Amino acid sequence: MLREELIFVGTCDIAGVVRGKGFPASELPARRKSGIGWTHSNLMQTCFGPILDTPFGTAGDLMIVPDPSAELHVDFRDGSAAEHFILGDIRELDGRPWECCVREFLRRAMAALKEASGLHLLAAFEQEFVYTGVEDLPGHAYSLGAFRRQGQFGEMVTAAIRASGAKPDSYLAEYGPRQYEMTVAPETALRAADQAVSARELARGVAFRLGHRAIFSPMPVADGSGNGVHIHFSLHEESGAPATHKAKGPFGLSEAAAHFAAGVLHHMAAIAAITAPSPVSYLRLTPNRWAPTAADIKLQDRGAALRICPIFAAPDEKERALRFNLEFRVCDAAASPYMALGALIFAGADGIARKMTLPKPGDAAMPLPHSLGQALQIMEASDTVKNWFSPVFFEAYVRHKRSELAYVADLAPQELCARYAEVY
Ligand code: GLU
Ligand code: MG
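Only a predicted model underlies this, so the values are computations on that prediction, with no experimental measurement involved. (Residues numbered from 1 in each chain as written. Chains lettered and ligands numbered in written order. Predicted model: local features only at pLDDT ≥ 70, side-chain atom pairs only at ≥ 80, totals over all residues. Heavy atoms only, no water.)

Thoughts on the layout of surface pockets
Reported here for the largest pocket is a volume of approximately 1000 Å³. Lining the largest pocket are 45 residues, with E126, H232, R307, C309 and E327 sitting closest to its centre. When residues of the lining of the largest pocket are traced back to their parent elements, those giving at least two are β6 (120-131), β7 (168-173), β8 (179-184), β11 (229-236) and α8 (317-323). Considered class by class, the residues forming the lining of the largest pocket number 18 nonpolar, 13 polar and 14 charged. Taken as a whole, the second largest pocket encloses approximately 560 Å³ of empty space. Around the second largest pocket, the lining comprises 27 residues; the ones closest to its centre are F8, A82, E83, H84 and F85. Breaking the lining of the second largest pocket down by element, the ones donating at least two residues are β1 (6-12), β2 (18-24), β5 (83-91), α5 (189-209) and α13 (413-423). (1 Å grid on protein atoms, 1.4 Å probe; cavity = no way out; pocket = protein on both sides within 12 Å on 5 of 7 lines; lining within 4 Å. Points joined across faces, edges and corners; volume = space filled by probe spheres on them. Helix = DSSP H or I, 4+ residues; strand = E, 2+ residues; numbered from the N terminus. Nonpolar A, V, L, I, M, F, W, Y, C, P; charged D, E, K, R; others polar.)

Structure (structure tokens):
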């Protein structure tokens, strides 16, 4: 069969969908500069596809320029077209970053953290999903049976992640029916977000090749288990030296990490509109799901919004400090990893800049928003969060999410979950 290799360049947009365009691989050198054509209203494509509302109309041209450091070429050697895609930045035609580019949002957050503290952040994404290629056998959470039944899927996903240049960390059968989880090793923020996008797409790509799906929707079934995206993070000095841990600090946190965590808690309800940005996200953030319900921080507690993670068998204090990390659990795959990590970092950087303090033991934690509508309202009331965006980007983000909410407003939970499971 006559074939010519194609490369896809795109970005994981505010709907959490990777969108872009393809071109012949031979054109890559030219496309590195000129990218592919894009238009402003593409940002307003909801996860369901249609643009339901847009401040941009039909006018305007932009380009998505591939970032060579986010190129991935995974050939499954099964005759199928390789997964060859490059994540990129949305730019104005003169090359300036577009104010609504999600990778730029994350870069600005990283710069805010650096300015506030001189520190940078390493992140590792732990992503849960339902693999449809196995039968649903009750009672098999974490079981070898559930692990075995997914057959080659886990090995193929792991190989694909490694071939993409990321470092797979773990793969397991999760608590929910047909639910699995994959984690990729920590990386600096932008790279970690790129790799979260890639890992998600590779899992989908492997499932597709096997005639199945990997469903990342936050709540595939209304009365089932939620799919979380947990973001592990730690702070580091320019030199790479760890800066998160202090044995005598609150929860074992360094001063900077305590301020950072306090900032995240302070902005938690507002940033939920970015990190848990779908109506079904709020079906996941309910009691008895191992998912958070309040803006709280706890030591080694999987019900907390911010969890101080355990360190397994660290040989010494140096290694302990290196591995010490927190986990942000108010996130799911309806969020673009760039936006979610960006919001987390902006919030933490604000905590450092304003020297915010952690709640005292016994202080009641604020409940998380109960709906996306409520989260959006809280976000809109926060001038700080607004300032992380440009006015145009903020308006576009809110209008995008509000139009999505209106579109599904009449659906009962079961139907709502079914619709989101189709798109994520
Ligand atoms: N599935 C849970 C969630 O929605 C998390 C389970 C776990 O602790 O890994 O976040
Ligand atoms: Mg899990």
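Overview of the pattern of salt bridges
Once the charged atoms of two side chains with opposite charge are near each other, the side chains can pair. Evaluated as defined, the whole model comprises 23 salt bridges. Between R91 and D89 there is a salt bridge whose closest N-O contact spans 3.7 Å. Of the residues examined, R91 reaches a relative accessible area of 23% and is grouped as partly exposed. What makes D89 buried here is its relative accessible area of 5%. The partner of R402 in a salt bridge is E380, and the shortest N-O contact between them spans 2.6 Å. Of this pair, R402 sits in helix α12 (residues 391-407) while E380 is found in helix α10 (residues 372-380), placing the two residues 22 residues apart along the sequence. Judged by relative accessible area, E380 falls into the partly exposed class, the value being 30%. In the salt-bridge network here, residues are joined through shared partners; they are D67, D89, R91, R103, E104, R107 and D194. (Salt bridge = Lys/Arg side-chain N within 4 Å of Asp/Glu carboxyl O. Buried < 20%, exposed > 50% of the residue type's maximum accessible area, 1.4 Å probe, protein only.)

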